[in-house]
Amino acid sequence: MISRILTITDLCRVTGYTRYQLRGLLDGVLPEKPSKGARVAREFTPHEILVIATMSDLETRLGIKRGHIALISKRLSQVLSGPRLVDRQARLVITFSPASVSYGSIGVPADDAVVLSLGPIFERVDRYVAEGALPATQAQLNFGPASVARPRARSQLHRG
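Reading the values: the criteria
Residues numbered from 1 in each chain as written. Predicted model: local features only at pLDDT ≥ 70, side-chain atom pairs only at ≥ 80, totals over all residues. Heavy atoms only, no water. Core = buried A, V, L, I, M, F, W, Y, C linked by side-chain atoms within 4.5 Å. Buried < 20%, exposed > 50% of the residue type's maximum accessible area, 1.4 Å probe, protein only. Helix = DSSP H or I, 4+ residues; strand = E, 2+ residues; numbered from the N terminus. Axes fitted to C-alpha atoms, helices over the stretch in contact; angles between N-to-C directions. Parallel < 35°, antiparallel > 145°, perpendicular 65-115°, else oblique. Left-handed = near helix turned anticlockwise from the far one by under 90°. Contact = heavy atoms within 4.5 Å. Nonpolar A, V, L, I, M, F, W, Y, C, P; charged D, E, K, R; others polar. Pairing = 2+ DSSP bridges. Salt bridge = Lys/Arg side-chain N within 4 Å of Asp/Glu carboxyl O.

A.B. asks: Hey, could you run me through the nonpolar core in this one?
C.D. replies: Within soluble globular proteins, side chains that are nonpolar tend to cluster in buried spots. If you look at the biggest cluster of nonpolar residues, it comprises 34 residues, and the most contacted ones within it are Phe 44, Ile 52, Met 55, Leu 58, Leu 80 and Leu 92. At the level of elements, helix 1 (8–15), helix 2 (19–26), helix 3 (46–60), helix 4 (66–81), strand 1 (91–96), strand 3 (114–117) and helix 5 (119–131) are the ones that each hand at least two residues to this core. Counting residues per element, this core draws most heavily on helix 3, which supplies seven residues.

Shown next as structure tokens:
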């Protein structure tokens, strides 16, 4: 499988944030990965893209302050990392006092909690990562099924 390097530019495309807005969101939330030698663009995993897209939705759609998002960021990352049933109706149930994040479905009770639908976030991140999985030149080749004939044996070719 071809892997793709995901950078802050990809984060901007998925979240709609500018680089400066993302830097503000990420300060104190995701530790900077140490680099060796020359400064290079930071790389992100698809999981980190999902977590950051979720954090940006919490901030932009639900109006949660960045300080509160930082309180739940580690738990949010843990909850979004593990294997789970594919459920486009899944939701995050988030409380801040005490800080907790849980993964649930439609019937989850939410007393004094923020409930965030994950379906649109999963779809946006999955589509972005999948579309960029192959270089554009490969994706445009569009090979279809073809018939492949077996070549004749040499002994048959030389018979007259």
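So, next bit.
A.B. asks: Any chance you could explain the packing of helix 1 against helix 3 here in plain terms?
C.D. replies: Angle between the axes and distance between the axes are the two parameters that describe a pair of packed helices. Where helix 1 meets helix 3, the axes come as close as 10 Å, and the angle between the chain directions of the two elements is 45°. Taken together, the axes of helix 1 and helix 3 lie oblique to each other. Handedness of the crossing formed by helix 1 with helix 3: right-handed. Packed against helix 1, whose contacting residues are Leu 11, Val 14 and Thr 15, the element helix 3 presents Ile 49, Ile 52, Ala 53 and Ser 56 at the interface. A breakdown of the residues in the contact of helix 1 with helix 3 according to their chemical character gives five nonpolar, two polar and no charged.

A.B. asks: Is there a simple way to think about the side chain of Asp 57 in this case?
C.D. replies: Topologically, Asp 57 is positioned in helix 3. Each residue touching Asp 57, except ones within four places of it in the same chain, is listed here: Leu 62, Leu 116, Ile 121 and Arg 124.

A.B. asks: Would you explain the sheet that holds strand 1 in this entry?
C.D. replies: Two orientations exist for strands paired in a sheet by backbone hydrogen bonds: parallel and antiparallel. An order of 2-1-3 is seen for the three strands of this open sheet, with the pairing classed as antiparallel. Each edge of the open sheet is held by one strand with a lone partner, namely strand 2 (99–104) and strand 3. On average, each strand axis in the sheet is inclined to that of its neighbour by 20°, with strand direction left out of account. Sheet topology places strand 1 next to strand 2; six bridges connect them, and they run antiparallel. Bridge assignment links Leu 92 to a residue of strand 2, and that residue is Tyr 103. Against the sheet, helix 3 touches strand 1 and strand 3, its axis set at about 125° to strand 3.

A.B. asks: Just to check I follow, could you spell out the pattern of salt bridges for this structure?
C.D. replies: Any two side chains of opposite charge can pair if their charged atoms end up close together. Applying the stated criterion to the full structure yields four salt bridges. The residue Asp 57 makes a salt bridge to Arg 61 at a minimum N-O spacing of 2.9 Å. On the accessibility criterion, Asp 57 (6% relative accessible area) is buried. Among the salt bridges present, the one from Arg 124 reaches Asp 57, with a minimum N-O distance of 3.2 Å. Placement of the pair is Arg 124 in helix 5 and Asp 57 in helix 3, with a sequence separation of 67 residues. By relative accessible area, Arg 124 is classed as partly exposed at 24%. Residues joined by salt bridges that share partners form a network here, namely Asp 57, Arg 61 and Arg 124.

Take it as geometry only, folks, not as evidence of what the structure does.
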